[in-house]
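Each chain is listed here by its residues.
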Amino acid sequence: NTPDFKKDTHKIKVSSILPFSSSIFASYQFGKRSNRDTHHDVDFSSFSARLSKYFAKYISCDLFYGKYLMDSNIRNSFERDIEKGGIDLKARLMKRTSAKITYRWEDIDRNNFSENKTRKTSYTVALNTRLMRKLRLHLRYKTTRIQDPFVLEDNTFSESIIQTTLPKKENQLYASLNW
C-alpha cells in the first residue's frame, strides 16, 4: 500500500549583475512533506548560491555553494544534512579550444544510520577542441576521494555483511571524438 503524501514547498530566487564583470545567483527553498496516513512530517530546506567572475576576455571563474537540511519528527528515523561547494576555472586557450578545471567537495551528515558522516572531494580537468569543422575532441580526467562512504549492512546471516555503495578512491579518464 502506497502512503498518501502532501508536500508544501516555497521557493525564492535572486540573480544580479555585480560590478567588475561579476554576477550572483542565489536560491532558497523550504517546505514540509506530510504522510496523511501516519501524520509524520519531514521538514526540509535548501540554499544554493553561485558567484561568477570574468577576469579577462577568455578567463572566468565560478564559486558555488549549497546546503540541504532534512529533519523528521519520526523517532529514530534517517535524517541527513548535505553541504557542498567548489570552484570552476574556465579558459579559452585558442580559437576553438577551451579548458576547465573543477574542484568540488561534499559533506553528508546523517542521523540514525551506520555512517554518520561522509566527505567526498573531486578534481576534474577537461579539454574541448574542434579539430576540424565537423570533428570535435573531448578529454577529461577526474579523481574522486570518499572518506567514510555510505554503507549498507545485511544482518540476515549470523555475521554482518557490509557493502560499500561508493568507492573510496576513483580515477576516470574519458575521451570522445565526435563528428
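Residues numbered from 1 in each chain as written. Predicted model: local features only at pLDDT ≥ 70, side-chain atom pairs only at ≥ 80, totals over all residues. Heavy atoms only, no water.

A. Summary view of the pattern of salt bridges. All chains considered together, the criterion is met by six salt bridges. Across the pair Arg-119 and Asp-107 runs a salt bridge whose closest N-O atoms are separated by 2.8 Å. Pair noted here: Arg-119 is in strand E7 (residues 117-132) and Asp-107 is in strand E6 (residues 97-111), with a separation of 12 residues, a long-range link. Taking relative accessible area as the criterion, Arg-119 reaches 28% and is therefore assigned partly exposed. The structure contains a network of salt bridges with shared partners spanning Arg-50, Asp-62 and Lys-90. (Salt bridge = Lys/Arg side-chain N within 4 Å of Asp/Glu carboxyl O. Helix = DSSP H or I, 4+ residues; strand = E, 2+ residues; numbered from the N terminus. Buried < 20%, exposed > 50% of the residue type's maximum accessible area, 1.4 Å probe, protein only.)

B. A look at the packing of aromatic side chains. Summed over the entire model, instances satisfying the criterion amount to three aromatic pairs. Note on Tyr-103 and Tyr-123: the rings are 5.0 Å apart at their centroids and 40° apart in plane angle, and the pair reads as tilted. Of this pair, Tyr-103 sits in strand E6 while Tyr-123 sits in strand E7; the two residues are 20 residues apart in sequence, bridging distant segments of the chain. Here Tyr-103 falls in the partly exposed class, since its relative accessible area comes to 24%. With relative accessibility at 46%, the residue Tyr-123 sits in the partly exposed group. A cation sits over an aromatic face here: Arg-140 above Tyr-174, 4.6 Å from the ring centre. (Phe/Tyr/Trp six-rings, centres within 6.5 Å; stacked < 30°, edge-to-face > 60°. Lys NZ or Arg CZ within 6 Å of the ring centre and 35° of its normal.)

C. Looking closely at a nonpolar patch on the surface. A cluster of nonpolar side chains, namely Ile-12, Val-14, Tyr-28, Phe-30 and Phe-47, defines an oily patch on the protein surface of about 460 Å² accessible area. Secondary structure elements with two or more residues in the nonpolar patch: strand E1 (5-18) and strand E2 (22-35). Note that Phe-47 resides in strand E3 (residues 41-56). (Patch = residues over 30% accessible without salt bridge, like charges linked within 9 Å, V, L, I, M, F, W, Y side chains within 5 Å. Areas by Shrake-Rupley, 256 points an atom, 1.4 Å probe, with all protein chains shown as cover.)

D. Structural context of the sheet that holds strand E5 (residues 79-94). Read across the sheet, nine strands follow the order E1-E2-E3-E4-E5-E6-E7-E8-E11 without closing on themselves; strand pairing throughout is antiparallel. Two strands close off the open sheet at either side, each with one partner strand: E1 and strand E11 (169-178). Going across the sheet, the axis of each strand differs from the next one's by a mean of 10°, ignoring polarity. (Pairing = 2+ DSSP bridges. Axes fitted to C-alpha atoms, helices over the stretch in contact; angles between N-to-C directions.)

E. Fine view of the layout of surface pockets. Reported here for the largest pocket is a volume of approximately 390 Å³. Along the wall of the largest pocket there are 21 residues; nearest its centre are Phe-64, Gly-66, Lys-84, Gly-85 and Arg-104. When contributions to the lining of the largest pocket are tallied by element, the ones reaching two or more residues are E3, strand E4 (59-72), E5, E6 and E7. For the lining of the largest pocket, the per-class residue count stands at eight nonpolar, six polar and seven charged. (1 Å grid on protein atoms, 1.4 Å probe; cavity = no way out; pocket = protein on both sides within 12 Å on 5 of 7 lines; lining within 4 Å. Points joined across faces, edges and corners; volume = space filled by probe spheres on them. Nonpolar A, V, L, I, M, F, W, Y, C, P; charged D, E, K, R; others polar.)

F. Structural view of unusual backbone geometry. A positive phi angle, near 65°, is found at Phe-20, a position not held by glycine. Tracing the chain through its elements places Phe-20 in the loop between E1 and E2. Backbone geometry places Ser-21, a non-glycine residue, at a positive phi of 55°. Along the chain, Ser-21 turns up in the loop between E1 and E2.

G. Up close: the pairing of E6. Looking at chain direction, E5 and E6 are connected through 15 bridges and run antiparallel. Bridged to Arg-92 within E6 is Ser-98. In this sheet, E7 lies alongside E6 in antiparallel orientation, the contact comprising 13 bridges. Along E7, the bridge assignment pairs Thr-97 with Thr-129.

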